[in-house]
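Below are the chains, spelled out letter by letter.
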Amino acid sequence: MKRYSSYLTLLGVFIGTATAFGQWSGDPAENLAIGDRSGSQVQTKIRVLDDGSSYISWFDNATGGFDVYLQKLDPAGNELWQHNGVLLADRGFSSTQDYDLDADASGNAVLAFRDDRPAGVQITVTKVSPDGVQMWGPTGVQVTSGGDFVAAPKVAGTTDGATVVAWTNNGDVRLQRLDTDGVALWGGGITIPAIGGDTTSASDMDASDNGSVILSMVRGFLGPNWLYAQKFDSQGMTIWGADPIAIFDGGALQIANFPQFVPDGDGGAVFAWYSVSPLQCHTQHVIAEGVEQFAHNGVTVSTVTQPRTSPDVGFNVTTGETFVIWREELGGPFPEFGVFAQKFSTNGARLWGAGGRAIAPLTTREVSQIRTIPRGDGVVALWVETIAFGNQRIHAARVDTDGQFEWPTDSVMVSSVASGKSRLFAAAGADDSVLTGWSDSRNDADDIYAQNINSDGTLGGGCSADFDDDGDVDLSDFAASLDCMSGPGVEAAPGCDFFDSDNDGDVDWFDAGTYQVFFTACK
């Protein structure tokens, strides 16, 4: 009876304060605010962990300098650290460049960014524990020494627990590998000289098999911009030959375009990019040994003659199929824009017809920021639609292996707020879901918002507290969980770890935060 009375007291306290904790919203007009201080919060990135939790990073200009911030969410979208995140670097920049976020093999976040706190502008790498502690100290590890032009760092947590960082250094690309304590393992680092004597920049990097990484680069300043890649083993030795392999060296990339790629899950990588003259999207799959699986310079996503740009690539590691989603354009005095998709077989054959599938048909409304996330045997597409200046919406659609829509409506609204939106980022979430984040001007210059999209196209959720499995969280779930209250110092019963928010092995008054989540987890 005493235990039940304690629970009733908890119930009264926590229902009264249940609104204190954020979580995924089920309403596209009420997305989850991640960073909403004054001034601009920009350039969000997301890294999802195996347990469904996620790290979200961004630059915050509330006090000037575009400082580096990080937040961690549980699978239900509840903030695990203080609202507006943890400050990692108090910088003094007046503008931003790209940076990178990943996670290491132990579930720690690793970030690489330009840093003006040391002497000169350098590249800093920092590792952050799941509790929000910078494990390599408040200043992180500098992999440069100052004096050079450094830009666009990329970071990857390798399968063997190390961290590799790559960056543009003057006209070359450099890499360094750090052990779990942040100690450099590749001496003074590895230098990839300017390819063909022309300026070469880091474009993207991901971890691969056996502690290796794959790095893509863009060459071009004096001549056309071309795309290259190289794979490095854990000792820093090149795997794809002495020189980087050319992914695209016919025609030219758009100037200042740095294509992304995705790992194929088996030691290789899948690339997508668009060329100019004509504007056309291409894709290529390079396997672990560095051998191209499609024709050199890639296969085009469509044979229909009209402009297309901004491709984003996804890869189904089970079937070996490649998905590319892009912006289709129709010129003329009243240009039109649409979102189109193509699926490729393992040998590069187009499987969705010569022109692909229309995800969002051509209209006079511009579309941008297209993202591709394979789910099930198909793919989820996300994009931003522009209604008018400062009035943009975010949409998502899911199609199956045949390119047929899977949700009750062809697309769903992810954010319906009439505001400017930029730097849309997306990642595969737990249980076949998708997580997305972006900068949003709904309140001021820019804030960071995020949203989940469930496998059925709904938003919100997070019903981990539905103990009686009836689809809601109410007093019957409260009663079903009575046996979880162990009291201070008494080991929690099996299955009650959900309530042990302070991770001390028992369930007592100090676990108040989790009870707030308990009573707000489902609507």
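Residues numbered from 1 in each chain as written. Predicted model: local features only at pLDDT ≥ 70, side-chain atom pairs only at ≥ 80, totals over all residues. Heavy atoms only, no water.

1. Observations regarding the overall build of the chain
Heads up, the condition is: Secondary structure is summarised from DSSP: a helix means a run of H or I of at least four residues, a strand means a run of E of at least two, and numbering begins at the N terminus for each. Contacts: residue pairs with any heavy atoms within 4.5 Å of one another. Where accessible areas are quoted, they stem from the Shrake-Rupley method and a 1.4 Å probe; at the residue level, only the protein chains shown are allowed to cover.
Scanning the chain for helices and strands turns up three helices and 32 strands. In the chain, 47% of the contacts between residues at least 6 apart in sequence involve partners at least 24 apart. As displayed, the chain has an accessible area near 20,600 Å², and 52% of this comes from carbon and sulfur atoms.

2. Let's talk about the packing of aromatic side chains
Our working definition: Each Phe, Tyr or Trp ring (for Trp, its six-membered ring) is paired with any other whose centre lies within 6.5 Å, and the angle between the two planes then decides the class: stacked below 30 degrees, edge-to-face above 60, tilted in between. Burial classes follow relative accessibility: with a 1.4 Å probe on protein chains only, a residue under 20% of its type's maximum area counts as buried, one over 50% as exposed, and anything between as partly exposed.
Here the structure, examined in full by the defined rule, presents eight aromatic pairs. Ring geometry for Phe248 and Trp273: centres 5.5 Å apart, planes at 45°, overall tilted. Of this pair, Phe248 sits in strand β17 (residues 245-248) while Trp273 is found in strand β19 (residues 269-275), placing the two residues 25 residues apart along the sequence. An identical accessibility class is assigned to Phe248 and Trp273; each is buried.

3. Focus: the sheet that holds strand β1 (residues 32-35)
Note the cut-off: Any two strands are treated as partners once DSSP identifies two or more bridges connecting them. A fitted line through C-alpha atoms represents every axis, and for helices the fit uses only the stretch in contact; the resulting angles, taken between N-to-C directions, go from 0 to 180 degrees.
If you trace the four strands from one edge of the open sheet to the other, you get β1-β32-β31-β30, paired in antiparallel fashion. Because the sheet does not close on itself, it has two edges, and the strands there are β1 and β30 (421-428). Within this sheet the neighbouring strands show an average axis-to-axis angle of 25°, counted without direction. Examined bridge by bridge, β30 and strand β31 (residues 434-440) share six bridges and lie antiparallel to one another.

4. Section: unusual backbone geometry
In this structure, the amide linkage connecting Ser277 to the following residue, Pro278, adopts the cis form with an omega of 5°. Its place among the elements puts Pro278 in the loop between β19 and β20 (280-286). Its identity as a non-glycine residue notwithstanding, Asn297 has a phi of 75°, on the positive side. The exposure class of Asn297 is buried, given its relative accessible area of 18%. Phi is positive for Arg423, which is not a glycine, with a value near 55°.

5. Quick notes on empty space enclosed by the protein
Here is the rule: Cavity means a closed set of points on a 1 Å grid over the protein atoms alone, one where a 1.4 Å probe fits but cannot get out, pocket means an open set with protein on both sides within 12 Å along at least 5 of 7 lines, and lining means a residue has an atom within 4 Å of a point. Grid points are joined across faces, edges and corners, and a volume is the space filled by probe spheres set on the points.
Evaluated as defined, the whole model comprises one cavity of 30 Å³ or more. Phe59, Arg91, Phe93, Ser95, Thr96, Gln97, Asp98 and Arg114 are the residues that line the largest cavity.

6. Examining the environment of Asp172
Here is the rule we go by: In protein, a polar contact means a hydrogen-donor-capable atom and an acceptor-capable atom, both N or O and within 3.5 Å, with residues adjacent in sequence counting only if both atoms are side-chain atoms; elsewhere, any N or O pair within 3.5 Å suffices.
Residue position: Asp172 is located in strand β12 (residues 172-178). Separated by 22 residues in sequence, Asp172 and Val150 have C-alpha atoms that sit 9.6 Å apart. The residues contacting Asp172, other than those within four sequence positions of it, are Trp167, Thr191, Ile192, Pro193, Ala194 and Thr200. Polar side-chain contacts of Asp172 include one of 3.0 Å to the backbone nitrogen of Ala194.

7. As for the sheet that holds strand β4 (residues 67-73)
Strand pairing in a sheet relies on backbone hydrogen bonds. The paired strands run either parallel or antiparallel. Pairing in this open sheet of four strands is antiparallel, and the strands run β2-β3-β4-β5 from one edge to the other. Of all the strands in the sheet, just β2 (41-48) and β5 (86-89) have a single pairing partner and so form its edges. Sheet twist, expressed as the mean angle between neighbouring strand axes with direction ignored, is 25°. Strand direction decides the pairing type here: β4 and β5, joined by three bridges, are antiparallel. Note on β5: the bridge partner recorded for Leu70 is Val86.

8. Looking at the pattern of salt bridges
The condition that has to hold: Criterion for a salt bridge: a side-chain nitrogen of Lys or Arg within 4 Å of a carboxyl oxygen of Asp or Glu.
Tallying each qualifying case throughout the model produces 19 salt bridges. Measuring nitrogen to oxygen at the nearest pair gives 3.4 Å for the salt bridge that ties Arg365 to Glu385. Taken as a pair, Arg365 in the loop between β25 (357-363) and β26 (367-375) and Glu385 in strand β27 (residues 378-388) lie far apart in primary sequence, 20 residues in all. Of the residues examined, Arg365 reaches a relative accessible area of 39% and is grouped as partly exposed.

9. Points about the side chain of Gln451
Relative to the helices and strands, Gln451 resides in strand β32 (residues 447-453). Here Gln451 falls in the buried class, since its relative accessible area comes to 0%. Here Asn452 takes part through its side chain, which lies 3.0 Å from a polar atom of the side chain of Gln451. Dropping the residues within four chain positions of it, Gln451 is found in contact with Trp24, Ser25, Asp27, Asn31, Val414, Val434, Leu435, Thr436, Trp438, Leu459 and Gly460.

10. As for the environment of Asp90
Take Asp90: it is sitting in the loop between β5 and β6 (100-103). Residues Asp90 and Tyr69, 21 residues apart in the sequence, show an inter-C-alpha distance of 9.1 Å. Sequence-distant contacts of Asp90, that is, excluding residues within four places in its chain, are made with Asp67 and Arg117.

11. Details of the environment of Ser216
Position of Ser216 among the secondary structure elements: in strand β15 (residues 213-219). If we skip the residues at most four places from it in the chain, Ser216 touches Ser201, Ala202, Ser203, Asp204, Leu227, Tyr228, Ala229, Pro259, Phe261 and Phe271.

12. Some details on the nonpolar core
Selection criterion: By convention a nonpolar core is built from buried Ala, Val, Leu, Ile, Met, Phe, Trp, Tyr and Cys residues, the set being connected through side-chain atoms within 4.5 Å.
With 18 residues, the main nonpolar core has Tyr55, Val68, Leu70, Leu88, Ala109, Leu111 and Val128 as its most contacted residues. Mapped by element, the contributors of at least two residues to this core are β3 (54-60), β4, β5, β6 and β7 (109-115). Setting aside anything within four residues of it in sequence, one finds Val68 in contact with Trp58, Phe59, Val86, Leu87, Leu88, Ala89, Arg91, Leu111 and Phe113. One finds Leu382, Ala396, Tyr449 and Ile453 within the second-largest nonpolar core, a separate group that totals 17 residues.

13. Things to note about the confidence of the model for the chain
In plain terms, the rule: Scored from 0 to 100, pLDDT records how confident the predictor is in each individual residue.
The predicted model of the chain has a mean per-residue pLDDT of 89, with 85% of residues at 70 or higher. Scored below 50 in pLDDT, residues 1-21 makes 30 contacts in the model with residues more than four places away or belonging to other chains. Predicted confidence for residues 517-523 stays below pLDDT 50, and this span has 29 contacts to residues more than four positions away or in other chains.

14. Describing the side chain of Gln134
With respect to the helices, strands and loops of the structure, Gln134 is situated in the loop between β8 (122-128) and β9 (141-142). Using a relative accessible area of 18% as the deciding quantity, one classes Gln134 as buried. Setting aside residues no more than four positions away along its own chain, Gln134 makes contact with Leu87, Leu88, Thr126, Lys127 and Val128.

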